[in-house]
Amino acid sequence: MLHPYATSLAIGLVVACVLSAQRRLQYPQARRCDQVDTYFGEKVADPYRWLEDVDSPETLKWIEAENKLTFSYLDSIPQRESVCRRLTDLYNYERYSAPLQAHGRIFYAHNSGLQNQSVYYYQDGVDGPQHMLLDPNTFSADGTAAIDGFAPNRSGSLAAYSTAQAGSDWSIWKIRDVETGKDRPDTLRWTKLTGIAWMPDGKSFYYTRFPEPKPGAALTQANEHGKVYYHRLGEDQSKDTLIYERPDHPHWWLAADLTEDGRYLMIYMSEGGDTNALSYLDLQKPGAKVTPLADRFDASFQVIGNTGSLLYVFTNDKTPRGKVITIDVQHPDASQWKTIVPQQPDSMEIAILASGKLVCSFLHDAH
């Protein structure tokens, strides 16, 4: 084993060699323009604004020159191939995802080692035979199509899944019949980082989507005006029902979830950080409106279950290490909230309501 000083010296020599090589490299010249913006009375220069036009001939020419320079250097490193072989050996091991259970049917993802994408399987019960459900490695020739969302309905008869191309945040949702292994005609586009909230009967669900971008602007247009929609299986996406939007706050991210009994639609609103506001919609009350429960962004609120009108909420509201409270939607004022599991000396990381029990996981001395 090398002495720590020797290791540090070796690393220092490598860094020195890299820096020396960088000093010899001739980087492509990027044109400086005269773009100046004024923000709150202050002038701010932005001389490389032209590079934001990612498809212009000038930008493409500059990117080509950058790539040529980068790979001319990387290809000259003699240890690169051996490092690649070693990393490949380390990464070549079998792995599984945590399973999902729906009405006795178990869903999970499996990777044999070096597959570009994990393959999704299901089986009926713990001892049932394994059946392949989705193989995203067949979705594209280069293996870059990935499943970035997966949600079986409660009976386990259907599985909603979303695919993203080449690392894009945009996803397309499809519905696969588990028994036949074939997709239904439903196709949901222009979704990004959204979940699927199935209704208990498995015939419809809630989700969030954005307006369709302008032609050619899918990767550059700002993500604004996300809206919560209701989709019925078998209907075209254009017929989906708009449930909630906030045109007064176009930058808010909206997400929807359902309580297990299917009565309350929970709507989460975020400004992009780790805090959120919380509202709900009573789906069993005709003409009901979306009602705020926590109409502020100074804490996080996560509904983990309910008993009738009583919601169990995992929150760090005025308790940075977390707690579990109840909110009765019939008496939603904050003065009526009740603490069920108070803040502990250790941070609460996870809270789950299952089979009438609260299961809480705490972080103690970094584990």
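As the structure is a prediction and not an experimental result, all values here were calculated from the model.

A separate point is the overall build of the protein. Along the protein, the regular secondary structure elements total three helices and 25 strands. Its C-alpha atoms give the protein principal-axis dimensions of roughly 70 × 65 × 50 Å. Expressed as a percentage of its 367 residues, the buried residues of the protein come to 35%. At a minimum sequence separation of 6, the contacts of the protein that also span at least 24 residues come to 31%. Accessible surface, the protein as shown: approximately 22,600 Å² in total, 54% of it carbon and sulfur. Looking at the protein, you have 36 positive and 46 negative side-chain charges, and the mean spots of the two groups are 1 Å apart.

Before going further, it helps to examine the packing of aromatic side chains. Counted according to the given criterion, the structure contains 17 aromatic pairs. Each ring, one from Tyr 91 and one from Tyr 93, has its centre 6.3 Å from the other, and the planes form 80 degrees; the classification is edge-to-face. For Tyr 91, a relative accessible area of 47% corresponds to the partly exposed category. Accessibility expressed as a relative area gives 43% for Tyr 93, which makes it partly exposed.

On to the sheet that holds strand E22 (residues 323–328), then. The strand order E20-E21-E22-E23 describes an open sheet built from four strands, whose pairing is antiparallel. With one partner strand each, in any of the chains shown, strand E20 (301–307) and strand E23 (338–341) form the two edges of the open sheet. Within this sheet the neighbouring strands show an average axis-to-axis angle of 35 degrees, counted without direction. The pairing of E22 with E23 spans three bridges and is antiparallel. Bridging from a neighbouring strand, Ile 325 pairs with Thr 339 of E23.

The next thing to look at is the sheet that holds strand E14 (residues 227–232). With antiparallel pairing, four strands are arranged side by side in an open sheet as E12-E13-E14-E15. Each having just a single partner strand, strand E12 (197–198) and strand E15 (241–244) make up the two edges of the open sheet. Of the strand pairs in this sheet, E14 and E15 are connected by three bridges, and their pairing is antiparallel. Of the residues in E15, the one forming a bridge with Tyr 230 is Thr 241.

Residue position: Leu 353 is located in strand E24 (residues 347–354). The sequence separation of Leu 353 and Leu 188 amounts to 165 residues, and the corresponding C-alpha distance is 31 Å.

Attention now goes to the nonpolar core. Formed by 16 residues in total, the largest nonpolar core has its most connected members in Met 266, Leu 278, Leu 293, Phe 301, Val 303, Leu 311 and Val 313. When contributions to this core are tallied by element, the ones reaching two or more residues are strand E17 (264–270), strand E18 (277–282), strand E19 (291–294), E20, strand E21 (310–315) and E22. In terms of residue count, the dominant contributor to this core is E17 (three residues). Apart from the residues lying within four places of it in its own chain, the contact partners of Phe 301 are Tyr 268, Asn 276, Leu 278, Ala 294, Arg 296, Val 313, Phe 314, Thr 315, Asp 317 and Trp 337.

It is worth spelling out the environment of Thr 163 at this point. With respect to the secondary-structure elements, Thr 163 resides in strand E9 (residues 158–165). For the pair Thr 163 and Val 324, spaced 161 residues apart in sequence, the C-alpha to C-alpha distance is 34 Å. Those residues in contact with Thr 163 that sit more than four places away from it in its chain are Phe 139, Ala 146, Ile 147, Asp 148, Trp 170, Ser 171 and Ile 172.

Mapped onto the secondary structure, Lys 192 falls in strand E11 (residues 183–192). At 4.8 Å, Asp 169 is the nearest oppositely charged side chain to Lys 192, a buried residue that forms no salt bridge. A distance of 3.3 Å separates polar atoms of two side chains, one belonging to Lys 192 and the other to Asn 223. Every residue in contact with Lys 192, bar those within four places of it in the chain, is listed here: Asp 169, Trp 170, Phe 210, Asn 223 and Trp 253.

A pair can form between side chains of opposite charge whenever their charged atoms are brought close. Applying the stated criterion across every chain yields a total of 18 salt bridges. Across the pair Glu 52 and Arg 49 runs a salt bridge whose closest N-O atoms are separated by 3.9 Å. Here Glu 235 and Arg 232 are joined by a salt bridge, their closest N and O atoms 4.0 Å apart. A relative accessible area of 31% places Arg 232 in the partly exposed class.

What follows covers the side chain of Asp 282. Among the secondary structure elements, Asp 282 is positioned in strand E18. One polar contact links the side chain of Asp 282 to the main-chain amide nitrogen of Gln 284, over a distance of 3.1 Å. Ignoring any residue separated from it by four or fewer positions in sequence, one finds Asp 282 in contact with Arg 263, Tyr 264 and Ala 288.

Across six bridges, E9 lies against strand E10 (residues 170–177) in antiparallel orientation. If you follow Ser 162 over to E10, its bridge partner there is Trp 173. Joining the antiparallel neighbours E9 and E10 is a turn of four residues, in which Ala 166 adopts a positive phi near 55 degrees. Pairing geometry for E10 and E11, over five bridges, is antiparallel. Considered in E11, the bridge of Lys 174 is made with Thr 187.

What counts and what doesn't
- Residues numbered from 1 in each chain as written.
- Predicted model: local features only at pLDDT ≥ 70, side-chain atom pairs only at ≥ 80, totals over all residues.
- Heavy atoms only, no water.
- Helix = DSSP H or I, 4+ residues; strand = E, 2+ residues; numbered from the N terminus.
- Buried < 20%, exposed > 50% of the residue type's maximum accessible area, 1.4 Å probe, protein only.
- Contact = heavy atoms within 4.5 Å.
- Areas by Shrake-Rupley, 256 points an atom, 1.4 Å probe, with all protein chains shown as cover.
- Lys, Arg positive; Asp, Glu negative; His and termini not counted.
- Charge placed at Lys NZ, Arg CZ, Asp CG, Glu CD.
- Phe/Tyr/Trp six-rings, centres within 6.5 Å; stacked < 30°, edge-to-face > 60°.
- Pairing = 2+ DSSP bridges.
- Axes fitted to C-alpha atoms, helices over the stretch in contact; angles between N-to-C directions.
- Core = buried A, V, L, I, M, F, W, Y, C linked by side-chain atoms within 4.5 Å.
- Salt bridge = Lys/Arg side-chain N within 4 Å of Asp/Glu carboxyl O.
- Polar contact = N/O pair within 3.5 Å; in protein donor to acceptor, adjacent residues only side chain to side chain.

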